[in-house]
Amino acid sequence: MATQTSQDVIDLRSDTVTTPTPGMRTAMARAEVGDDVYAEDPGCRGLEERVADLLGKEAALFTVTGTMANLLAVRSLVRPGEEVLCESRAHIARAELGAHAAIFGITTRTWSHPRGLLDLGAVQTLLAPKAGPYFVSTAGVSVENTHNFGGGSIQPLDPLRKLRDITRSAGVGVHLDGARLWNASVATGTPLGEYAALADVVSVCLSKGLGAPVGSLVAGTTDQIAEARVWRKRLGGGWRQAGVLAAAGSYALDHHVERLTEDHAHARALAETLADARRGLVDLADVETNIVVLDIAGLGLAAGDVALQARAEGVLVSVLGPSTIRLVTHLDVDADACKRAGDVLARILAE
Ligand SMILES: Cc1ncc(COP(=O)(O)O)c(C=O)c1O
């Protein structure tokens, strides 16, 4: 077997693995900075205002991670001892290490959908606002768009609109985990603000498909964001000359949003190769953005073994479960790399 160099490796584990482009590094090096804890960093202020505008919200706050943005967002709707409803594989439920419970005393109940989509019937059954002295009261519903572990699936607008109505009359808030909202917007042509208007508080990430090394934002009302700023500092997330990072984020917004269509096309091509190689591996209709989830149940292979074999051939993938593999396309993998990765995986999975 040929020895791979890091140059040869095609990393499809996540769109978080991108490294800053030369243009982004130049923008970072040129950033004007100040102390952001004193609210004196012009790059952070500018980025926050820009993202608040894009989302049609009063204010936004720049945070180190999507996890922190989600924490602050959910905390702005849900108090200790109350619950947030979400899909069972939502990032807030599965991949934030219980932070909402461990830090804020917030519990979660979930509905399940194979692609992570909103299930209004289930939400209506679960919803328990002002549940009294015996049961936990629901204070928030969180929807992830696109849904990461659901395969980059896009939440259709109509159920989101209905959720808005249901929650409003129940006095419950809506959180949108929009780590990849850019992907949903570019794929559907729906403006970011139209999605954001259907939620009370929104988190977005610059460090996923947009290719910034660090950075997310939480957006909502002026009061929510003022409170989020206090909690960010309490959590140790107050940063100083963060304008260097804001510059990367602003550069990403200038240069890396429209190009997400390329990632989507690469994901589709990859899925087509795999669907041709083996029936049932992936339903092409499910590949809407930059994530391809492969179901290898029934092939007699363990996902972990497939990942190891692929790694030995220079292709890195994520294992989501015993028979589930995730491939994510991004800025650092071009059409050729995706073609090579598709051929390697097709061979392994067809064997
Ligand atoms: C949907 C979603 N939300 C939130 C996050 C958290 O982002 P971070 O890794 O920056 O904490 C991720 C990370 O991949 C994600 O996929």
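Just so it is clear, the model here is predicted, and its values are computed rather than measured.

Colleague: With reference to specific residues and values, describe helix α2 (residues 42–55).
Modeller: With 14 residues, α2 extends 20 Å between its outermost C-alpha atoms, agreeing within 8% with the 20 Å of an ideal straight helix rising 1.5 Å per residue. Residues Cys44, Arg45, Leu47, Glu48, Val51, Ala52 and Leu55 constitute the buried set of α2. Considered in projection along α2, the buried side chains sweep an arc of 165° and stay on one side of the axis. Exposed side of α2, more than 90 degrees from the buried face: Glu49 and Asp53 are the residues found there. Between the side-chain oxygen of the N-cap and the backbone nitrogen of Gly43 there are 3.0 Å, and the N-cap of α2 in question is Asp41. Of the residues flanking the end of α2, it is Gly56, one or two places downstream, whose phi is positive at about 70°.

Colleague: Tell me about the state of the cysteines, residues and numbers included.
Modeller: Taken as a whole and assessed by the stated rule, the structure comprises zero disulfides. There is no disulfide at Cys205, and the cysteine sulfur nearest it, in Cys44, is 16 Å away.

Colleague: Describe the packing of aromatic side chains, naming the residues involved and giving the relevant values.
Modeller: Remark: the centre distance and the inter-plane angle together describe each pair of aromatic rings, the angle taken between the planes. Scanning all chains against the criterion turns up three aromatic pairs. Between Phe62 and Trp239 the ring centres are 4.8 Å apart and the planes differ by 45°, which places this aromatic pair in the tilted class. Residue Phe62 is located in strand β2 (residues 59–63), and its partner Trp239 is located in the loop between α10 (222–234) and α11 (243–255); the two are separated by 177 residues in the primary sequence. Given a relative accessible area of 12%, Trp239 falls into the buried group. Aromatic side chains Tyr134 and Phe135 sit 4.9 Å apart centroid to centroid with 85° between the ring planes, which places their arrangement in the edge-to-face category. The two residues Tyr134 and Phe135 agree in class, both being exposed. Here the basic side chain of Arg75 rests over the ring of Phe104, its NZ or CZ set 5.5 Å away from the ring centre. One residue, Arg234, lies across the ring of Trp231, its end atom 4.6 Å from the ring centre.

Analysis parameters
Residues numbered from 1 in each chain as written. Predicted model: local features only at pLDDT ≥ 70, side-chain atom pairs only at ≥ 80, totals over all residues. Heavy atoms only, no water. Helix = DSSP H or I, 4+ residues; strand = E, 2+ residues; numbered from the N terminus. Expected span 1.5 Å × (residues − 1). Buried < 20%, exposed > 50% of the residue type's maximum accessible area, 1.4 Å probe, protein only. Arc of directions from axis to C-beta. Polar contact = N/O pair within 3.5 Å; in protein donor to acceptor, adjacent residues only side chain to side chain. Disulfide = S-S within 2.5 Å. Phe/Tyr/Trp six-rings, centres within 6.5 Å; stacked < 30°, edge-to-face > 60°. Lys NZ or Arg CZ within 6 Å of the ring centre and 35° of its normal.

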